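Each chain, letter by letter, is given below.
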Amino acid sequence: MNILAFESSCDETAAAVVRDGRQVLSDAIASQADMHAIYGGVVPEIASRKHVEVIAALTDQALAQAGISKPDIDAVAVTYGPGLIGALLVGVNFAKSVAYALGKPLIPVHHLRGHIAANYIAFPSLEPPFLALCVSGGNSMLVDVRGYTDMSILGATRDDAAGECFDKIARVLGLPYPGGRPMQELARGGDDTKYPLPRAKIAGNDLDMSFSGLKTATVNLIHNAQQKGESLDRSSLAASVEAAVSGELAPRAMLAAERCGHHTVVAAGGVAANERIRSDLERACRERGLRLFLPPLKLCGDNGAMIGCQAYYEYLAGARADSSLNAYATLEI
Ligand code: KG4
């Protein structure tokens with residue numbers, strides 16, 4: 001079964017063709033990151049406009065790369081939330097039109113389910129159940145994945161996402177957007193104990209997280225140093241931030257896996273590309289005898305292949321949308 005999948009929830013426009021859920025025939029991506037870099041973050045209106053500009057050409061590219069023509073498409077899939085509403089609407093409306101024109105079923109896909117599914121592409125043997133740590137620019141959550149389409153949130157950030165924390169601190173440090181990767185480069189060789197940064201204390205669900213206090217404390221630390229004319233050890237500060245973020249994520253992922261009785265842990269999302277987080281997860285899983293799956297870097301960020309992959313399992317479970325499909329800025333997993 002060939003699924004033509006679209007993703008436009010943030011600043012990447014993506015179109016891909018995926019066969020039977022796991023075989024990626026093409027994965028065309030147009031990133032807008034350079035466009036938003038001068039503003040230090042994604043400008044939603046610009047994102048929507050750029051999606052409109054490229055989505056048709058990207059579809060042709062995805063079909064050509066896959067070596068198939070329109071009649072070979074069996075279904076159309078699209079991310080319908082969560083994300084930037086204007087950006088999502090471009091993909092949803094385009095996918096609706098394509099499905100209607102081809103007379104094929106339309107499959108709605110949750111963006112984070114897609115991020116988790118990126119691992120099915122990379123690891124053919126991976127099957128649920130497992131514990132997923134989803135960390136991106138807009139979300140940070142622990143998900144109990146009982147089946148391909150049966151999952152629930154165990155804990156999530158109560159404020160900023162881990163990626164948002166990296167991006168905003170990076171901006172104040174004068175690093176380019178998106179800031180996660182440049183922060184990682186800056187942190188190389190730094191002393192991660194040099195700057196003791198605050199850890200959030202969460203009342204209630206101990207699997208919930210919080211990153212806004214860490215973000216604000218770090219930004220204040222930088223501004224204070226600048227105002228007093230003190231020099232900062234930027235590399236050690238970046239390393240300390242990475243350690244603080246990872247210190248929230250890895251232990252909670254272990255706790256969540258233990259509580260659910262899962263022996264497998266899967267990471268997903270753009271922040272899962274972070275070397276410190278990857279190595280902390282590796283160590284923690286090794287100590288507990290858990291299997292760990294870390295997506296290859298090119299599948300951590302937003303892409304269409306992950307949507308096409310998850311769409312196959314949604315299709316098998318009976319998910320279908322019609323022309324009334326809407327986009328949602330927030331959406332339960
Ligand atoms: O999953 P993604 O591409 O988009 C969303 O759906 O949000 O994630 C983007 C986020 C950005 O915040 C970016 O700074 C972060 O992933 N990121 C990283 C790294 N690479 C990307 N954060 C930390 N370390 C990295 N190496």
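Our subject is the structure that appears above.
Residues numbered from 1 in each chain as written. Predicted model: local features only at pLDDT ≥ 70, side-chain atom pairs only at ≥ 80, totals over all residues. Heavy atoms only, no water.

S.K.: Can you help me understand the site of the ligand in this one?
M.R.: The immediate surroundings of the ligand are formed by 21 residues, with Gly137, Asp167, Gly180, Gln184 and Gly270 found nearest. Contacts to the ligand include Gly180, whose backbone N or O atom sits 3.0 Å from an oxygen atom. Within the contact set of the ligand, a nitrogen atom lies 3.0 Å away from a side-chain nitrogen or oxygen of Asn274. Protein burial of the ligand: of its 550 Å² of free accessible surface, 87% is covered by the chains. Those elements that provide at least two residues to the shell around the ligand are α4 (111–122), α5 (162–172) and α6 (180–187). Classifying every residue of the shell around the ligand by side-chain character gives five nonpolar, 13 polar and three charged. (Near = heavy atom within 4 Å. Polar contact = N/O pair within 3.5 Å; in protein donor to acceptor, adjacent residues only side chain to side chain. Areas by Shrake-Rupley, 256 points an atom, 1.4 Å probe, with all protein chains shown as cover. Helix = DSSP H or I, 4+ residues; strand = E, 2+ residues; numbered from the N terminus. Nonpolar A, V, L, I, M, F, W, Y, C, P; charged D, E, K, R; others polar.)

S.K.: Would you take a moment to explain unusual backbone geometry for this structure?
M.R.: A negative phi holds for most residues other than glycine; trans holds for most peptide bonds. Of the consecutive residues Gly81 and Pro82, the connecting peptide bond is found in the cis state with omega at -10 degrees. Following the sequence through the fold, Pro82 ends up in the loop between β4 (75–81) and α3 (85–102). Residue Pro129 follows Pro128 across a cis peptide bond; omega there is 10 degrees. Locating Pro129 in the fold gives a position in the loop between α4 and β6 (130–135). Look at Asp20: it is not a glycine, yet its phi comes out positive at around 50 degrees. With respect to the helices and strands, Asp20 occurs in the loop between β2 (12–19) and β3 (23–31).

S.K.: What should I look at first to understand α3 in this one?
M.R.: Look at α3: 26 Å from first C-alpha to last across 18 residues, which is about the 26 Å you get at 1.5 Å a residue. Inspection of α3 places Ala87, Leu88, Val90, Gly91, Val92, Ala95, Lys96, Val98 and Ala99 among the buried residues, and these make up the whole buried set. Positioned one or two residues after α3, Gly103 has a phi angle of 70 degrees, which is positive. (Expected span 1.5 Å × (residues − 1). Buried < 20%, exposed > 50% of the residue type's maximum accessible area, 1.4 Å probe, protein only.)

S.K.: For this particular structure, what's the right way to read the nonpolar core?
M.R.: As a rule of thumb, nonpolar side chains are buried together in soluble globular proteins. Grouped together as the largest cluster of nonpolar side chains are 44 residues, with contacts concentrated most on Met183, Val245 and Leu281. In terms of residues, this core owes the most to one element, helix α8 (residues 234–260), which gives 12 residues. With residues near it in sequence (within four places) discarded, Met183 still touches Phe166, Ile169, Ala170, Leu173, Leu175, Ala238 and Val241. Counting residues in each nonpolar core, the second largest holds 36 residues, with Ile3, Ala75, Met306 and Cys309 among its members. (Core = buried A, V, L, I, M, F, W, Y, C linked by side-chain atoms within 4.5 Å. Contact = heavy atoms within 4.5 Å.)

S.K.: Would you take a moment to explain the packing of aromatic side chains for this structure?
M.R.: Centre distance and the angle of the planes are the two values used to describe a pair of aromatic rings. By the definition in use, this model includes eight aromatic pairs. Ring geometry for Tyr80 versus Tyr328: centroids 6.1 Å apart, planes at 85 degrees, classification edge-to-face. With Tyr80 in strand β4 and Tyr328 in the segment after α10 (305–316), this pair connects stretches of sequence that are 248 residues apart. Centre to centre, the rings of Tyr120 and Tyr148 are 4.9 Å apart; their planes meet at 65 degrees, and the pair counts as edge-to-face. (Phe/Tyr/Trp six-rings, centres within 6.5 Å; stacked < 30°, edge-to-face > 60°.)

S.K.: So what exactly am I meant to see when it comes to the environment of Ala66 here?
M.R.: Assignment of secondary structure puts Ala66 in helix α2 (residues 44–66). Residue class for Ala66 comes out buried when judged on its relative accessible area of 15%. As a C-alpha pair, Ala66 and His36 span 30 residues in sequence and 30 Å in three-dimensional space. Setting aside residues up to four positions removed in sequence, Ala66 forms contacts with Val17, Leu25 and Ser26.

S.K.: Honestly, the pairing of β3 in this entry has me stumped. Any pointers?
M.R.: Across a regular strand the side chains alternate sides, sitting on one face of the sheet and then on the other. Where β2 and β3 come together, eight bridges link them in antiparallel fashion. In the strand pairing of β3, Ala16 is matched with Asp27. Linkage of β2 to β3, two consecutive antiparallel strands, is achieved through a turn of three residues, within which Asp20 is found at a positive phi near 50 degrees. (Pairing = 2+ DSSP bridges.)

S.K.: Could you clarify how one ought to interpret the side chain of His36 in this entry?
M.R.: Counting through the fold element by element, His36 comes out in helix α1 (residues 33–37). Relative accessible area serves as the criterion here: at 0%, His36 is assigned to the buried category. At 2.8 Å, the side chain of His36 and the side chain of Gln32 are in polar contact. Setting aside anything within four residues of it in sequence, one finds His36 in contact with Asp11, Gly41, Val42, Val43, Ile46, Ala47 and Tyr177.

S.K.: How do you make sense of the environment of Tyr195 when you look at a structure like this?
M.R.: Along the polypeptide, Tyr195 turns up in the loop between α6 and α7 (212–228). Through-space distance from the C-alpha of Tyr195 to that of Val241 is 8.4 Å; in sequence the pair is 46 residues apart. Leave out the neighbours within four places in its chain, and Tyr195 touches Leu221, Leu232, Asp233, Ser236, Leu237 and Ser240. From its side chain, Tyr195 meets the backbone nitrogen of Asp233 in a polar contact 3.0 Å long.

In short, geometric facts, not functional conclusions.
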